[in-house]
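Structural characterization, general
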Amino acid sequence: MSRLLYAVITGIFGAVLLHIIIILGIPHFTGKDAYTRVVAEGAPFLFHRLEVKPDATGLSSLDPFMRVAVCHFDISRQPLSLVALGSGSFWSISLYDKDANEVFSMNDRTSVAGDVDVLLATPVQIAQLRKAPIAALAQTILVEHRGTTGYAVLRSMVAQPSFEAEAREFLAEAECLPFTGR
């Protein structure tokens, strides 16, 4: 009787463990993870606006009061410069690695002068920048990224319909470009 009980408990435990592994592994094996979808939006180093309705990749802006743009990048050769002049309403930017782990996040209340001015770099690139400081980077927030690929999500709030044009302009003028030394 004890052998039968042991076999049943082992079987149930094994089945639960297998199901958890399968559920957590599905995005990796199907190519439907966030990074793959952002890459499918288009060219790297360019913010791609998301609409309210899901596009071909399945990405959309679910919040009716937010306008969203995404940009994917590869910083293996040079750092990434993220720049946008602040709008009158709330905005936020989040940086993620290719596994959708948040690397950095800030908003208009925590930024310098209400603008997006972020330089994302590998630890080696950060060390090189600190050895020879660039005056133009004095107000720039340096963010260390242990990987080399990932994506940025930029959001702008549209609290009222009258803010729509401002939010669209903010996202359209935002830059997600390889750092050239300014």
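Right above here is the structure, for reference.
Along each chain, residue indices are assigned from 1 in the same order as the chain's sequence is written. Residues qualify for local features only when their pLDDT is at least 70, as the model is predicted, and side-chain atom pairs are given and counted only at 80 or more; totals for whole chains, interfaces and linings, by contrast, use all residues. Water and hydrogen atoms were dropped before computing side-chain values, which therefore reflect all heavy atoms in the structure.

**Describing the state of the cysteines**
Note the threshold: Criterion for a disulfide: a pair of cysteine sulfur atoms within 2.5 Å. Every helix listed is a DSSP run of H or I at least four residues long, and every strand listed is a run of E at least two residues long, numbered separately from the N terminus. Residue burial is assigned from relative accessible area. The probe radius is 1.4 Å, only protein chains are included, and a residue is buried under 20% of its type maximum, exposed over 50%, and partly exposed in between.
Throughout the structure, instances matching the rule amount to 1 disulfide. With a sulfur-sulfur separation of 1.9 Å, cysteine 71 is cross-linked through a disulfide to cysteine 176. The chirality of the disulfide connecting cysteine 71 with cysteine 176 is left-handed, given an S-S dihedral of about -75°. A residue pair is termed long-range when its members are at least 10 positions apart, and cysteine 71 in strand S2 (residues 66-74) and cysteine 176 in strand S9 (residues 175-178) qualify at 105 residues. Of the two residues, cysteine 71 and cysteine 176, neither departs from the other in class, the shared state being buried.

**Here we look at the sheet that holds strand S7 (residues 141-144)**
Basically, it comes down to this: By the convention used here, strands pair only if DSSP detects at least 2 bridges between them. The axes are straight lines fitted to the C-alpha atoms, using for helices just the contacting stretch, and the angles between their N-to-C directions are given from 0 to 180°.
In spatial order, the strands read S7-S6-S3-S9; together these 4 strands make up an open sheet with mixed pairing. Every other strand in the sheet has two partners, leaving S7 and S9 as the edge strands with one partner each. Ignoring strand direction, the axes of neighbouring strands in this sheet form an average angle of 20°. With 5 bridges connecting them, strand S3 (residues 80-84) and strand S6 (residues 116-121) associate as antiparallel partners.

**Regarding the pairing of S7**
Rules: Convention used here: a crossover is right-handed provided that the path from the first strand, over the helix, to the second strand proceeds clockwise when the strands point away from the viewer.
Relative to S7, S6 is paired through 4 bridges, and the arrangement is parallel. Its bridge partner lying in S7, leucine 119 is registered against leucine 142. After leaving S6, the chain enters helix H3 (residues 123-131) and then returns to the sheet as S7, a path that is right-handed.

**A word on a nonpolar patch on the surface**
For the record, the criterion: Here a patch means residues that are over 30% exposed by relative accessible area and free of salt bridges, tied together within 9 Å if like-charged and within 5 Å if nonpolar (Val, Leu, Ile, Met, Phe, Trp, Tyr). Only the protein chains shown count as cover for residues, and the accessible areas themselves come from Shrake-Rupley with a 1.4 Å probe. In the sections that follow, a salt bridge refers to a side-chain nitrogen of Lys or Arg positioned within 4 Å of a carboxyl oxygen of Asp or Glu.
On the surface, Met1, Leu4, Val8, Ile12, Val16, Ile20 and Leu24 cluster together into a nonpolar patch covering about 780 Å² of accessible area. By the secondary structure assignment, isoleucine 20 is in helix H1 (residues 2-30). With a relative accessible area of 44%, isoleucine 20 lands in the partly exposed category.

**Digging into the pattern of salt bridges**
Scanning the entire structure with this criterion turns up 5 salt bridges. With its nearest N and O atoms 2.0 Å apart, the salt bridge here joins aspartate 108 to arginine 109.

**Description of the side chain of threonine 122**
Heads up, the condition is: The contact criterion used is simple: two residues touch if any of their non-hydrogen atoms lie within 4.5 Å.
Within the element layout of this structure, threonine 122 appears in the loop between S6 and H3. We classify threonine 122 as buried; its relative accessible area is 13%. Setting aside residues no more than four positions away along its own chain, threonine 122 makes contact with Ile75, Glu144, His145, Gly147 and Thr148.

**Remarks on the pairing of strand S5 (residues 102-107)**
When a strand is regular, its side chains alternate between the sheet's two faces. The sheet contact formed by strand S4 (residues 91-97) and S5 spans 5 bridges and is antiparallel. Directly across from serine 94, in S5, lies its bridge partner serine 105. Linking S4 to S5, which pair antiparallel, is a turn of 4 residues; within it alanine 100 sits at a positive phi near 70°.

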